[in-house]
Each structure stands twice: as structure tokens, then as C-alpha cells.
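Architecture and fold: a report
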Amino acid sequence: MDGRQRFGDRDGLDGRHVPVAVVGGGQAGLSMSYHLQRRGIDHVVIEAKTAGHDWTDRRWDSFCLVTPNWQCRLPGHPYAGDDPDGFMPRDEIAAYLAAYVNSYQFPLFEQVTVTRLHRDRAGRFHLGSTAGDLTADQVVVATGPYQVPRTPRLAERLPEDVTQLHSAAYRSPGGLPEGAVLVVGTGQSGCQVAEDLHLAGRQVHLAVGGATRVARRYRGRDVVAWLEQTGYYQRAITEFPEADWPRLHRANQYVTGRDGGHDIDLRAFATEGMRLYGRLTDATTSGLLTFGDDLTQNLDIADAASEGVKNSIDAYIEAAGLDAPAEARYVPVWAPGPGHPVKLDLAAHGITAVIWATGFGADHRWIEVPVFDGRGYPTHRRGVTSCPGLYFLGLPWQHTWGSGRLGGVAQDAEYLTGKITGYARPNEVSWIAGTPMSTFPEPERDEDWTAPRTVA
Ligand SMILES: Cc1cc2nc3c(=O)[nH]c(=O)nc-3n(C[C@H](O)[C@H](O)[C@H](O)COP(=O)(O)OP(=O)(O)OC[C@H]3O[C@@H](n4cnc5c(N)ncnc54)[C@H](O)[C@@H]3O)c2cc1C
């Protein structure tokens with residue numbers, strides 16, 4: 001990010017002790033710093049690259065926010081532009097974050113990676129970093145929900161002359177070799193990348209998973225505006241039955257903010273020539289791919305979810321006695337017929353590139369504190385772990401829908417600040433005997449894809 005003031009100095013970390021260390025300088029870490037600063041709590045924010053870099057480094061050129069601009073409400077930094085109902089393009093989002101950094105003297109140390117975190121018997125945290133070692137009374141891990149691009153090992157079997165990249169590395173159609181493209185995965189990234197290529201005139205083949213979708217607008221307003229008004233975004237995950245938690249964590253419904261915002265209807269793409277398949281299940285080294293027989297089901301599930309959201313909006317409008325224009329419901333414009341292909345020969349279809357829109361994983365191996373569940377997910381209650389003084393911020397559905405987004409991270413940061421302020425270091429015995437935390441399901445992945453069966 002250009003033009004920003006830098007307040008951190010790598011040399012100032014080694015050997016230092018701080019009351020609070022925040023690891024990660026994205027929107028979550030910066031929001032945390034804002035609240036700590038307001039309470040006068042001495043702290044540092046340690047960022048491996050540059051603050052907010054994820055928005056520029058890992059989004060394609062035509063990327064726009066999916067959430068409306070008015071939901072950019074980082075603490076002390078609400079959206080102040082003239083298009084609150086619009087959807088900022090990538091570079092404006094980066095500028096919004098850069099302006100945040102420039103507005104507040106965050107104690108930010110950039111280009112410093114925390115490589116190790118452990119806690120001694122006295123309850124003090126030790127952080128090893130690429131700029132030396134420091135200690136802290138409390139630590140907030142704000143290293144992001146979408147850390148490590150995940151590509152299935154199936155990718156190793158594809159022919160060498162096929163270009164492969166993860167959606168995090170995709171920039172534009174022009175960056176790919178000439179020819180048709182296979183996109184695997186239909187979460188937010190997969191659908192938007194497929195649309196980007198489709199609009200550029202590329203022949204797109206798309207492996208459709210079980211991700212659901214949501215309409216952009218309904219009955220005169222953006223659906224996000226309706227859901228805000230209904231109070232959905234204020235609902236804590238604990239208000240939902242535990243059986244729903246996995247669904248909530250997966251529910252990153254596809255829609256786009258591109259060109260002012262519109263639905264993403266994969267059936268409509270199919271009528272325009274995009275080739276749809278079910279989930280990718282298998283591949284041979286000669287480039288023959290196999291898909292599941294679940295395309296019909298996956299499209300139906302996506303539409304049903306979208307219509308379900310409309311049902312909830314209808315119910316709200318009726319209960320509140322609002323005067324909102326009626327709107328006809330969605331009618332599917334295409335469906336796969338009998339014998340729809342479940343095989344695809346990459347060479348025969350001129351496919352020169354495969355984009356793995358198969359999501360992200362977390363990498364918390366550097367945290368040597370036993371707060372993780374069997375799948376490596378940090379157990380916590382609203383970001384507070386069972387280890388006194390150790391917190392997470394920015395996890396999807398950490399508390400509400402917006403926890404991992406620009407719209408809801410502020411209230412989580414404020415909540416944690418209250419916990420940090422009231423912290424008194426307990427002795428080791430009390431922690432070992434401490435209350436077990438809730439185990440949430442595996443975190444949201446942004447994408448939808450299922451691991452392939454064994455390959456031939
Ligand atoms: C394709 C896509 C589209 C999205 N669209 C929207 C949207 O429209 N609206 C919305 O509100 N949200 C959206 N999000 C979700 C979310 O807002 C972003 O993922 C956002 O970047 C999360 O901010 P964060 O601060 O939690 O994590 P990040 O931005 O990932 O920041 C974490 C930081 O931690 C640093 N870090 C990691 N490990 C270490 C370490 N060991 N030491 C030091 N630093 C470290 C990283 O370098 C990084 O800068 C989208 C996400 C994706 C992937």
C-alpha cells in the first residue's frame with residue numbers, strides 16, 4: 001500500500017515485552033489495534049507482509065466487494081464514499097484499508113512473521129519472529145480466515161502442459177494461455193472467476209459443488225439490506241441449533257457485486273454456452289476427468305437456498321406490515337438433461353488451464369498452545385480460548401455472520417478488548433483444570449468442493 005506512514009520498526013521488537021501482541025495486520029488485527037488504542041492498552045501489531053495486503057495480493061483484477069459498501073464499518077473508519085449501496089472494486093478496498101492505517105497510529109510492524117508462539121509456566125507468552133523474540137501478557141491471533149490456498153492432490157495427476165493455478169493466484173483471462181478453461185469449485189471465487197472468463201469470451205467448463213446462492217436484490221432492495229433490517233447479522237451463532245453450525249460455516253452463498261451487483265445464475269450461464277458438471281471426483285494422468293452425477297441436485301440446492309432467503313424476507317415484510325413491491329420468484333432457465341456428461345477429456349475440449357477454486361485452509365502450526373480440536377480448529381467462545389490471555393479474531397462465524405467480514409469484525413474486536421482489559425493472569429493449575437471450550441465445526445472455506453475419491 002503506497003503513501004502510508006509506517007510506525008513500526010523491525011528492530012524495536014527483539015527482546016521487548018508488551019502487554020498485548022496482535023498477530024496479523026488485516027482488517028481484524030487493525031480493528032483490534034483501534035480498540036486497544038482507545039483503551040490506552042500498550043500493544044504491537046505484527047504483520048508478515050503489509051497491512052491489508054490480502055485484498056490486493058489475492059483478488060483478481062475485476063474483483064468487487066460482494067457486500068455493499070455501507071457494510072465497510074471498521075471501527076473508527078466507516079465507509080465515507082458517495083456510493084454506500086455500491087460494491088467497491090479491488091483497488092478501492094485496498095485504498096479504504098490504506099486510509100485506515102494512515103488515520104490511526106497503529107503500532108504496526110510490517111514484514112515480520114511470527115514463527116512460534118508458546119506460553120511458559122508463569123503464563124507469559126513467548127513469540128518468536130523473523131525480527132527477533134518478544135514476550136507478551138496476552139496475544140490476539142488475527143491471521144485471517146483464508147490463509148493457505150487449498151489445491152487437491154488430484155491436481156498432480158493432470159498433464160504437464162495444462163496450466164494450473166489456484167483462484168487466489170488468478171488475475172485475468174489474459175493471464176491464461178489461449179483456449180478453454182476448467183474452473184473447479186463454485187463458492188464465491190469459483191463462480192466469479194467463471195463469470196470473468198465467460199464474459200471475456202472464453203469457453204468455460206465448471207465443476208459445480210454444493211455451495212448455495214443468494215439473490216442480489218429482492219422486492220426493491222439489496223438482500224443484504226433486508227437481512228440487516230431483519231436483524232440476521234446480529235444473530236449470534238449460539239442462537240442457532242448446534243446442528244445448524246456446520247451449515248452456517250459453509251454458507252458462503254454466491255452472488256456478485258460486479259457491474260453494480262447481480263445474481264450469479266449458473267443455469268443462465270449454461271444457456272449461454274458454459275459447460276456445467278457435478279463435483280470433480282476423479283482424474284487420469286492423460287487428462288480424462290470424471291464428475292459426480294450430482295449437478296441437478298447441486299443446482300437445485302443452490303436455488304432452494306436463494307428462495308429460502310426470499311421466504312424469510314417475505315415473512316419479515318408481512319410481519320412488519322411493510323409496503324414493498326411484489327416480485328415474481330425465480331424459475332429455472334436450464335436443467336441438465338438425461339445423459340448429461342460426467343466425463344471430460346481436457347485435450348479433446350481444448351482446455352489449456354485449470355483454476356482450482358477449491359478454498360483455503362488455516363495454518364496454525366506456529367501456535368504451540370493446546371487449544372485446537374482434532375481438526376486443528378481453535379476452540380473458543382466468541383474468540384476467547386481456554387488458554388487465559390489467548391484470543392482469536394476474524395474467524396468466520398466467530399460470533400455472527402459478519403465476524404470474518406468487514407461488517408462484523410468491529411464488534412468482536414470491542415468484545416475482546418473488554419476481555420483483555422479485565423484479564424488477570426491465573427496460575428497454571430487453574431488453566432489446566434479450566435472449562436473446555438465449544439468445538440465449532442471446521443471453518444468456512446469460501447469455496448465448495450469435496451475431496452476426490454481415489455484416482456485411477
Ligand atoms: C474471494 C474473497 C472475497 C471476499 N469478499 C468479501 C466481501 O465482499 N465482504 C467482506 O466483508 N468480506 C469478504 N471476504 C472475507 C474477508 O473480509 C477477507 O478475507 C479479509 O481479508 C479478512 O480479513 P482478516 O484481517 O481477518 O484476514 P487477512 O486479511 O487475511 O489478514 C490476516 C493477516 O495476517 C497476516 N499473517 C498471517 N500469518 C501471520 C504470522 N504468522 N505472522 C504475522 N502475520 C501473519 C497475513 O499476512 C495477513 O495480512 C472475502 C474473502 C475472499 C477470500
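Structure's up top.
Parameters at a glance
Residues numbered from 1 in each chain as written. Predicted model: local features only at pLDDT ≥ 70, side-chain atom pairs only at ≥ 80, totals over all residues. Heavy atoms only, no water. Helix = DSSP H or I, 4+ residues; strand = E, 2+ residues; numbered from the N terminus. Expected span 1.5 Å × (residues − 1). Buried < 20%, exposed > 50% of the residue type's maximum accessible area, 1.4 Å probe, protein only. Arc of directions from axis to C-beta. Contact = heavy atoms within 4.5 Å. Pairing = 2+ DSSP bridges. Axes fitted to C-alpha atoms, helices over the stretch in contact; angles between N-to-C directions. Parallel < 35°, antiparallel > 145°, perpendicular 65-115°, else oblique. Left-handed = near helix turned anticlockwise from the far one by under 90°. Nonpolar A, V, L, I, M, F, W, Y, C, P; charged D, E, K, R; others polar.

**Some remarks on helix 9 (residues 409-421)**
Taking 1.5 Å per residue as the helical rise, helix 9 with its 13 residues ought to reach 18 Å, and the 18 Å between its terminal C-alpha atoms agrees with that figure. Restricting attention to buried positions, one finds in helix 9 the residues Val409, Ala410, Asp412, Ala413, Leu416, Thr417 and Ile420. Projected onto a plane normal to the axis of helix 9, the buried residues spread over an arc of 160 degrees and lie on a single side. Packing partners of the buried residues in helix 9 comprise strand 1 (17-23), helix 1 (27-38), strand 3 (73-74), strand 8 (132-141) and strand 21 (390-392).

**A few points about the sheet that holds strand 11 (residues 180-184)**
The parallel open sheet is built from five strands, whose spatial order is 10-19-11-12-15. Each edge of the open sheet is held by one strand with a lone partner, namely strand 10 (163-166) and strand 15 (275-277). Taken over all neighbouring pairs, the strand axes of this sheet differ in orientation by 20 degrees on average, direction set aside. With five bridges joining them, strand 11 and strand 19 (residues 351-356) adopt parallel strand pairing. For Leu182, the partnering residue across the bridge sits in strand 19 and is Val354.

**Structural notes on the packing of helix 1 against helix 3 (residues 90-103)**
Taken N-terminus to C-terminus, the directions of helix 1 and helix 3 make an angle of 25 degrees; their axes are 11 Å apart at the nearest point. As judged from the angle between their axes, helix 1 and helix 3 are roughly parallel. Relative to helix 3, helix 1 is oriented so that their crossing is left-handed. Judged by residue contacts, Gln27, Leu30, Ser31 and Tyr34 of helix 1 engage Leu97, Tyr100 and Val101 from helix 3. A breakdown of the residues in the contact of helix 1 with helix 3 according to their chemical character gives five nonpolar, two polar and no charged.

**Some points on the sheet that holds strand 16 (residues 280-283)**
Strand order across the open sheet formed by three strands is 16-17-18, with antiparallel pairing between neighbours. Looking at which strands have only one partner, the edges of the open sheet turn out to be strand 16 and strand 18 (343-345). Sheet twist, expressed as the average angle between the axes of neighbouring strands with direction ignored, equals 25 degrees. The pairing of strand 17 (residues 288-291) with strand 18 spans three bridges and is classified as antiparallel. Within the sheet, the bridge partner assigned to Leu288 lies in strand 18 and is Asp345.

The analysis is restricted to geometry; functional conclusions fall outside its scope.
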